[in-house]
Amino acid sequence: MLRALLLENIHPDAVAILEAAGIEVETRPGALDESELIETLADFHILGIRSKTQVTRRVIEASPGLLAVGTFSIGTNQIDLEAAAGHGVAVFNAPFSNTRSVVELAVSEIIALTRRLTVRDKALHDGVWDKTADGSHEVRGRTLGIIGYGNIGSQLSVLAENLGMNVVFFDTSEKLALGNARRVETLGELLEVSDTVTIHVDGRAGNAGLFGDDLFARMKPGAIFLNLSRGFVVDVEALREHILSGHLSGAAVDVFPTEPKKRGDHFESPLRGLDNVILTPHVGGSTEEAQQNIGLFVAKKLRDYLLTGSTTLSVNLPNLQLEHTGVGRIALLHRNVPGVLAAVNQVFADHGANIEAQMLATHGELGYVVTDISDVTHRGASSKLMAMDTTVRLRIRDAFDRPEFPPGPAAH
């Protein structure tokens, strides 16, 4: 029986989806370190994680039975995608499911910081009645600068404009502006005109250290700053200095360069204790609605991959959308070199197999060919396909919809 290990409090709906597909599921509340993960994965075929568990090359190489990893979040930088692809391990994420939750948190923080609600709240909790309008503003008519105009940035753009804000954005890729949002050509131009700057970039290595002292210095005096993207993108020491100096009037940070592994652990940051600074524990996508949507989305992708071979929206394998056909199926992940498809079909021909359907997709150095053939497992073709030096992973389903997973060469 296929077995799945779900870590980090993944939503129960994901468990239900996988169990309904005949997959045995074990859940654990926290993350595992590298050694613990390697030891545990010896008994599992599917791994589900969120942001804390690191699936390194060492983990991948030490887990030959691992077929797929689902990251129940947007980001995939906690997984070595190249190593996973090279060993035939499919990776799926949830690129859209928690977008609204992140956007709503950003909107609420923009309003709270602009009104200095954190300062007023703290004063009352300290027993001080500080009724004043000093430093408090409406967001209407102010300019929001969005760095990264992807799924989150573009949706935030629409909501901010509905609040009466002017929106400018900067993105290294060509993006269609929504509503009255205006694209700027340089990051410097965005910083010079924005009353609020918010970052929504992905976890690629090139974004490390993106926002440091030089960029904070170029922001408008009295502006506020938000980071709900990745902790390593921002120099938090520099942010602290610009808050303390009064150059920036506030900040909201949801992600940090170093984060505790589990709930209840001690948290340390140079941003703690600063006036008009909102710190949240990486909860941008942590609403019950978002977690349910993510659980359903990723679990269905894992289920479909295991039952049909479908790789739709996989972040590291060629994408094919596949359905059940009622006949045998061979799914071959291979190195993308000339002549592979001809060699595969020659093996089938040599064994008298009649191909009923065949689909091929390639992505970079990998190719994925899926062939439907009745009772192919009885014709001896699979052993020859596994022996090909271009084979990365071979998966078989017979006409009765029973999976087989020959170990084969995990990587060449």
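Look above for the structure.
This structure is a prediction, so every number in the text was calculated from the model and none was measured. (Residues numbered from 1 in each chain as written. Predicted model: local features only at pLDDT ≥ 70, side-chain atom pairs only at ≥ 80, totals over all residues. Heavy atoms only, no water.)

### Section: the packing of aromatic side chains
Okay, so step 1: Per the stated rule, a full pass over the model turns up 6 aromatic pairs.
Okay, so step 2: Aromatic side chains phenylalanine 211 and phenylalanine 225 sit 4.9 Å apart centroid to centroid with 45° between the ring planes, which places their arrangement in the tilted category. Taken together, the positions of phenylalanine 211 in the loop between β9 (196-199) and α9 (213-218) and phenylalanine 225 in strand β10 (residues 223-227) put the pair 14 residues apart, joining distant regions of the chain. Phenylalanine 225 shares its class with phenylalanine 211; the two are buried.
Okay, so step 3: By way of ring pairs, the aromatic residues Phe211, Phe216 and Phe225 are connected into one cluster.
Okay, so step 4: Its guanidinium or amino end placed over the ring of phenylalanine 44, arginine 3 lies 4.3 Å from that ring's centre, counting from NZ or CZ. (Phe/Tyr/Trp six-rings, centres within 6.5 Å; stacked < 30°, edge-to-face > 60°. Helix = DSSP H or I, 4+ residues; strand = E, 2+ residues; numbered from the N terminus. Buried < 20%, exposed > 50% of the residue type's maximum accessible area, 1.4 Å probe, protein only. Lys NZ or Arg CZ within 6 Å of the ring centre and 35° of its normal.)

### Concerning the pairing of strand β13 (residues 329-335)
Okay, so step 1: Counting buried positions along β13 yields 6 of 7 residues, so the element is predominantly enclosed.
Okay, so step 2: The pairing of β13 with strand β15 (residues 366-372) spans 7 bridges and is antiparallel. The partner of histidine 334 across the bridge, within β15, is glycine 367.
Okay, so step 3: Where β13 and strand β16 (residues 391-397) come together, 6 bridges link them in antiparallel fashion. (Pairing = 2+ DSSP bridges.)

### Details of helix α1 (residues 12-20)
Okay, so step 1: Taken residue by residue, α1 has Ala14, Val15, Ile17 and Leu18 as its buried positions. Looking down the long axis of α1, one finds its buried residues gathered within 165° of arc, a one-sided arrangement. Those residues of α1 that are exposed and angled more than 90 degrees off the buried face are Pro12 and Ala20.
Okay, so step 2: Buried residues along α1 sit in contact with β1 (3-6), β2 (24-27) and α11 (288-308).
Okay, so step 3: Positive backbone phi, at 85°, marks glycine 22, one or two positions downstream of α1. (Arc of directions from axis to C-beta. Contact = heavy atoms within 4.5 Å.)

### Looking at the pairing of β10
Okay, so step 1: With 5 of 5 residues buried, β10 lies mostly within the body of the structure.
Okay, so step 2: Along β10, one buried face is formed by Ala223, Phe225 and Asn227 and the opposite face, lined by Ile224 and Leu226, is buried too.
Okay, so step 3: Pairing of β9 with β10, which is carried by 4 bridges, proceeds in the parallel orientation. Pairing of threonine 198 across the sheet is with leucine 226, part of β10.
Okay, so step 4: For the handedness criterion, the β-α-β arrangement of β9, α9 and β10 is classed as right-handed.
Okay, so step 5: Each parallel crossover has a hand, and the one from β10 via helix α10 (residues 236-244) to strand β11 (residues 248-253) is right-handed. (Right-handed = clockwise from strand over helix to strand, strands pointing away.)

### Details of the sheet that holds strand β6 (residues 143-147)
Okay, so step 1: Judged by pairing direction, the sheet is parallel, and its 7 strands sit side by side in the order β8-β7-β6-β9-β10-β11-β12 without closing on themselves. Each of the sheet's edge strands pairs with one partner strand only, and the pair in question is β8 (182-183) and β12 (277-279).
Okay, so step 2: Across the face of the sheet, helix α7 (residues 151-162) comes into contact with β6, β7 (166-170) and β9 while running at roughly 175° to β6. (Axes fitted to C-alpha atoms, helices over the stretch in contact; angles between N-to-C directions.)

### Side note on the packing of helix α5 (residues 99-114) against α7
Axis angle and axis distance: for two packed helices, these are the angle between their axes and the distance between the axes, and together they describe the pair.
Okay, so step 1: Between α5 and α7, the shortest axis-to-axis distance is 9 Å and the interhelical angle comes to 50°. The angle between α5 and α7 falls in the class oblique. For the element pair α5 and α7, the recorded crossing hand is right-handed. Counted together, Thr99, Arg100, Val102, Val103, Ala106 and Val107 of α5 and Asn151, Ile152, Gln155, Leu156 and Leu159 of α7 form the full contact between these two elements.
Okay, so step 2: Looking at the contact of α5 with α7 residue by residue, the classes come out as 7 nonpolar, 3 polar and 1 charged. (Parallel < 35°, antiparallel > 145°, perpendicular 65-115°, else oblique. Left-handed = near helix turned anticlockwise from the far one by under 90°. Nonpolar A, V, L, I, M, F, W, Y, C, P; charged D, E, K, R; others polar.)

### Focus: a negative patch on the surface
Okay, so step 1: A cluster of acidic residues, Asp213, Asp214, Asp235, Glu237 and Glu241, forms a negative patch at the surface.
Okay, so step 2: Within the residue set of the negative patch, elements represented by two or more residues are α9 and α10.
Okay, so step 3: Along the chain, the position of aspartate 213 falls in helix α9.
Okay, so step 4: Accessibility expressed as a relative area gives 44% for aspartate 213, which makes it partly exposed. (Patch = residues over 30% accessible without salt bridge, like charges linked within 9 Å, V, L, I, M, F, W, Y side chains within 5 Å. Areas by Shrake-Rupley, 256 points an atom, 1.4 Å probe, with all protein chains shown as cover. Salt bridge = Lys/Arg side-chain N within 4 Å of Asp/Glu carboxyl O. Lys, Arg positive; Asp, Glu negative; His and termini not counted. Charge placed at Lys NZ, Arg CZ, Asp CG, Glu CD.)

### Observations regarding the nonpolar core
Okay, so step 1: Membership of the largest hydrophobic core comes to 34 residues, with the highest contact counts inside it found for Leu6, Leu18, Phe72, Leu302 and Tyr305.
Okay, so step 2: Elements with a minimum of two residues in this core: β1, α1, β5 (90-92), α11, β13 and β15.
Okay, so step 3: Among the elements that line this core, the one with the most residues is α11, at 6 residues.
Okay, so step 4: Sequence-distant contacts of leucine 18, that is, excluding residues within four places in its chain, are made with Ala4, Leu6, Ile23, Val25, Ala299, Leu302 and Arg303.
Okay, so step 5: Counting 29 residues, the second largest nonpolar core, distinct from the first, contains Val184, Leu190, Phe211 and Leu215. (Core = buried A, V, L, I, M, F, W, Y, C linked by side-chain atoms within 4.5 Å.)

### Some words on the packing of α1 against α11
Okay, so step 1: Relative to each other, α1 and α11 sit at 25°, their axes nearing to 7 Å. Considering their axes alone, α1 and α11 lie roughly parallel with respect to each other. Note that α1 runs across α11; the crossing there is right-handed. Only Gln292, Gly295, Leu296, Ala299, Lys300, Leu302 and Arg303 of α11 make contact with α1, whose side of the interface consists of Asp13, Ala14, Ile17 and Leu18.
Okay, so step 2: Classifying every residue of the contact of α1 with α11 gives 6 nonpolar, 2 polar and 3 charged.

### Section: the sheet that holds β5
Okay, so step 1: Strand order in this open sheet of 5 strands is β2-β1-β3-β4-β5, and the pairing throughout is parallel. Pairing within the sheet leaves two strands with one partner each, and these edge strands are β2 and β5. Mean inter-strand twist for the sheet, computed between neighbouring axes without regard to direction, equals 15°.

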